[in-house]
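Commentary on secondary and tertiary structure
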Amino acid sequence: MQPTNLAVAGKPHAATEHLEIFEQPPRDNAAAGKRPDELLGEVRLVANNNDIVYVPAPTQDPRDPLNLSWNKKMIALAIYSSFTMFGGTITNVAGSLIPYFEEAYKAEGVTDVQLSRLSTVPTISMGIVNFVSIPIALAVGRRPVFLVSSLMLIIGLVVCATSPNYNAHFAGRIILGLAAGQSEALCPLMVKESFFIHERSRRLTWQSSFQNIGGAVLTFTAPFMVGKLGWRNFYWFYAGFAVITGICAIFWAPETRYSRTLLEHEGIRETPYNWEGAEPTSSSVSDVEKDSSLQTYSTSVTVKPPLDFKRYQARTWRSDICFTVGEANWSEAMFVWKSMVEIIWIPSIAWVVLINCFSLAGFVCYAVTYASVLTAAPYNWANSIVGLPALGQIVVAFICFPMLGSFSDWVVRFKAQRNGGVHQPEYRLYALVFPYVLGVGTTYLLDTHTRRSGAVLALICGCRGLVVYGLSFSILPEFTTLGFMNTFLVYVGIMGFLGLCGIGIYFGGHKLRAWESKFALTQRDVNRESADH
């Protein structure tokens, strides 16, 4: 089969880019829109002249979330980050407040195990809720699930602030965990859908940095606040910020669900752009206007086209504040659950899931135990300063997260240039060498299984919730038996082993994705899935 030479969008014919477009044989990869020589996650990211190829392929629809103005994208990103910061902090901070809760519930005869569950159970709920919330978000839209979760966060805080006893407080914290769970998968999914692949990692790590820096400051100050104001007023304080975030979300967090074809997900434009009546965007308008090759079929796009207000509806404030956009497709929920069952057996996904599971397990163990260690002999810290260890997260955010973001995106572009312009998901793993944390592994899977990103995120977050739920019953007995140091040495050993497995994932990734291609989506799957993308 002979390849066909096609001009790359955004460049004149004199400087033509040569893309190989093959006749499609009757096989799964072909049905899924993949070329016979192309594996899962491999897309053309850099043109021959080193211009960045836009992936997914841009559209001319003003209501495409990728066509949001830069300011609107940044405002939405700030809202997602605020939600994850306040939701995550209020869920995880209970560990540093256990001494105060112990004093409050001493008369009720609440045990240490019950007190620890004020911290562990909400954290577990954050993960498990994604098994339900993500399929619903893919079926009806991301925005309604996000807005409902924002309301649940407010309700949970009010219940905790007004709780008359331990059981009511415990119920309120479960509601908090269910609401904050959207910071685990839904918010990253909305960020992913708002940015092109060469921007994605930086934006996700901006969100993580904001969440971790703000969360560290809030965790550090929480014991002081509770000591001065009491833990009920502490909840009211957070409820106020949750209300502000929820109101902002109503007006400035638009729906990110958008229907795309498989080839558009891979950065290939299948139909010509329409220039009649189109208005320019902030991209290279002069290059666009001079270049007729942008109208070539099946091309990669290196310059964003102008918006078309004749064929598409304009984006307005009314369209942005709609509770739902488009019709619900509940078969998508079943499709996501089916996908999770299918992909959990893939080694690269199982690897990232295990990293997330044991990282969170170690964090929960730390959150539950460190306050009791620091306030006891020989340290004898005051209850008001047990939040000091949270300041270490700020160092991590300033050093590690830029490496996970800007450095990762730079490596992706650099390696793609060295690989004939083709991006491979394993390039994301370079940034994992020094900051061995969660972000890169997740981005790696999003690059590999871009058309099943919802199922991937739900699987990661849901599984780590289940694993931590099982481990939560052994945290205090394990801590009592092994001691503080030996308990965490166990987690160090597990994470070290998983880190070594990452070497095999990197060097064997190409062959592994060749095997994973057997599980690629068929066009029939895409026809069902397109409504949520």
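The structure we're discussing is the one just above.
Residues numbered from 1 in each chain as written. Predicted model: local features only at pLDDT ≥ 70, side-chain atom pairs only at ≥ 80, totals over all residues. Heavy atoms only, no water.

Focus: the overall build of the chain
Helix and strand counts for the chain come out as 21 helices and six strands. Per-residue burial for the chain yields a buried fraction of 55% across its 533 residues. In the chain, the share of contacts with a sequence separation of at least 24, taken over all contacts with a separation of at least 6, comes to 82%. Carbon and sulfur atoms make up 64% of the accessible area of the chain, which totals about 21,800 Å². (Helix = DSSP H or I, 4+ residues; strand = E, 2+ residues; numbered from the N terminus. Buried < 20%, exposed > 50% of the residue type's maximum accessible area, 1.4 Å probe, protein only. Contact = heavy atoms within 4.5 Å. Areas by Shrake-Rupley, 256 points an atom, 1.4 Å probe, with all protein chains shown as cover.)

Focus on the nonpolar core
Counting residues in each nonpolar core, the largest one holds 79 residues, and the members touching the most others are I90, F101, F146, L157, F234 and Y235. It is helix α2 (residues 70-92) that provides the largest number of residues to this core, a total of nine residues. Once you skip the residues sitting within four places of it in the chain, F234 turns out to touch I90, V93, L97, A222, M225 and V226. (Core = buried A, V, L, I, M, F, W, Y, C linked by side-chain atoms within 4.5 Å.)

Overview of the packing of helix α3 (residues 94-104) against helix α15 (residues 347-375)
Two numbers describe how α3 lies on α15: the axes approach to 7 Å, and their chain directions differ by 40°. In terms of orientation, α3 and α15 fall into the oblique class. Relative to α15, the crossing made by α3 is right-handed. Together, G95, S96, I98 and P99 of α3 and A367, V368, Y370 and A371 of α15 make up the contact between the two elements. (Axes fitted to C-alpha atoms, helices over the stretch in contact; angles between N-to-C directions. Parallel < 35°, antiparallel > 145°, perpendicular 65-115°, else oblique. Left-handed = near helix turned anticlockwise from the far one by under 90°.)

Quick look at the pattern of salt bridges
For the coordinates displayed, the defined rule picks out seven salt bridges. The closest approach of N and O atoms between E193 and R142, which form a salt bridge, is 2.4 Å. With a gap of 51 residues between them, E193 in helix α8 (residues 186-194) and R142 in helix α6 (residues 142-162) connect regions that are remote in the sequence. Overall, the relative accessible area of 9% leaves E193 in the buried class. We note a salt bridge from R269 to E264, for which the minimum N-O separation is 3.7 Å. Of the residues examined, E264 reaches a relative accessible area of 13% and is grouped as buried. (Salt bridge = Lys/Arg side-chain N within 4 Å of Asp/Glu carboxyl O.)

Things to note about the side chain of S81
Looking at the secondary structure, you find S81 in helix α2. When residues no more than four places from it in sequence are discounted, the contact partners of S81 are Q207 and F210.

Considering the state of the cysteines
What makes a disulfide is a covalent bond joining the sulfur atoms belonging to two cysteines. For the coordinates displayed, the defined rule picks out zero disulfides. No disulfide involves C461; its sulfur sits 9.6 Å from that of C463, the nearest cysteine. The class of C461 is buried, set by a relative accessible area of 2%. (Disulfide = S-S within 2.5 Å.)

Notes on the environment of Y312
Its place among the elements puts Y312 in the loop between β5 (307-308) and α13 (317-320). A sequence separation of 250 residues divides Y312 from P62, and the C-alpha atoms of the two residues are 7.0 Å apart. Setting aside residues up to four positions removed in sequence, Y312 forms contacts with Q60, D61 and P62.

What about the environment of E342?
Here E342 lies in helix α14 (residues 331-343). Here the alpha-carbon distance between E342 and A455, two residues 113 residues apart in the chain, equals 9.9 Å. In this structure the side chain of E342 is engaged in a polar contact, spanning 2.9 Å, whose partner is the side chain of K338. (Polar contact = N/O pair within 3.5 Å; in protein donor to acceptor, adjacent residues only side chain to side chain.)

So, a nonpolar patch on the surface
Residues I75, V243, I247, I250, F251 and W252 make up a contiguous nonpolar surface patch of about 530 Å² in total accessible area. It is helix α10 (residues 231-252) that provides the largest number of residues to the nonpolar patch, a total of five residues. Take F251: it is sitting in helix α10. (Patch = residues over 30% accessible without salt bridge, like charges linked within 9 Å, V, L, I, M, F, W, Y side chains within 5 Å.)

Thoughts on the packing of aromatic side chains
A full pass over the atoms with the stated rule returns 18 aromatic pairs. Here the aromatic rings of W231 and Y235 are separated by 6.1 Å at their centres, their planes lie at 90°, and the arrangement is edge-to-face. With W231 and Y235 both in helix α10, this residue pair falls four residues apart, about one helical turn. Each member of the pair W231 and Y235 is classed as buried. Put simply, the rings of F86, F101, Y105, Y166, F170, W231, F234, Y235, F237, Y238 and F241 pair up and form one aromatic cluster. Its end group placed over the ring of F195, K73 keeps NZ or CZ at 5.2 Å from the ring centre. (Phe/Tyr/Trp six-rings, centres within 6.5 Å; stacked < 30°, edge-to-face > 60°. Lys NZ or Arg CZ within 6 Å of the ring centre and 35° of its normal.)

So, the packing of α3 against helix α4 (residues 112-128)
Where α3 contacts α4, the axes come no closer than 9 Å and their chain directions differ by 140°. Relative to α4, the element α3 lies oblique. Considering only the axes of α3 and α4, their crossing is right-handed. For the pair α3 and α4, the contacting residues are A94, G95, I98, F101 and E102 in the first and D112, L115, S116, L118 and S119 in the second.

Side note on α14
The end-to-end C-alpha distance of α14 is 18 Å, a good match for the 18 Å that 13 residues give at a rise of 1.5 Å each. Every buried residue belonging to α14 is among E332, A333, F335, V336, S339, M340 and I343, and all of these are buried. The buried residues of α14 all sit within an arc of 160° when viewed along its axis, so they share a single face. With respect to the buried face of α14, the exposed residues turned more than 90 degrees away are M334 and V341. (Expected span 1.5 Å × (residues − 1). Arc of directions from axis to C-beta.)

Concerning α8
With nine of nine residues buried, α8 lies mostly within the body of the structure. Of all the positions in α8, only L186, C187, P188, L189, M190, V191, K192, E193 and S194 are classed as buried.

Observations regarding the environment of F234
Inspection of the secondary structure puts F234 in helix α10. On the accessibility criterion, F234 (0% relative accessible area) is buried.

Let's talk about unusual backbone geometry
What you tend to see is this: most non-glycine residues have negative phi, and most peptide bonds are trans. In this structure, P56 follows V55 across a cis peptide bond, with omega equal to 0°. If you trace the backbone, P56 turns up in the loop between β1 (43-44) and α2. Of note, the bond from A377 into P378 is cis; its omega dihedral lies within 30 degrees of zero at 5°. Relative to the helices and strands, P378 resides in the loop between α15 and α16 (392-418). The backbone of N380 shows a phi angle near 55°, a positive value even though the residue is not glycine. When you line up the elements, N380 lands in the loop between α15 and α16.

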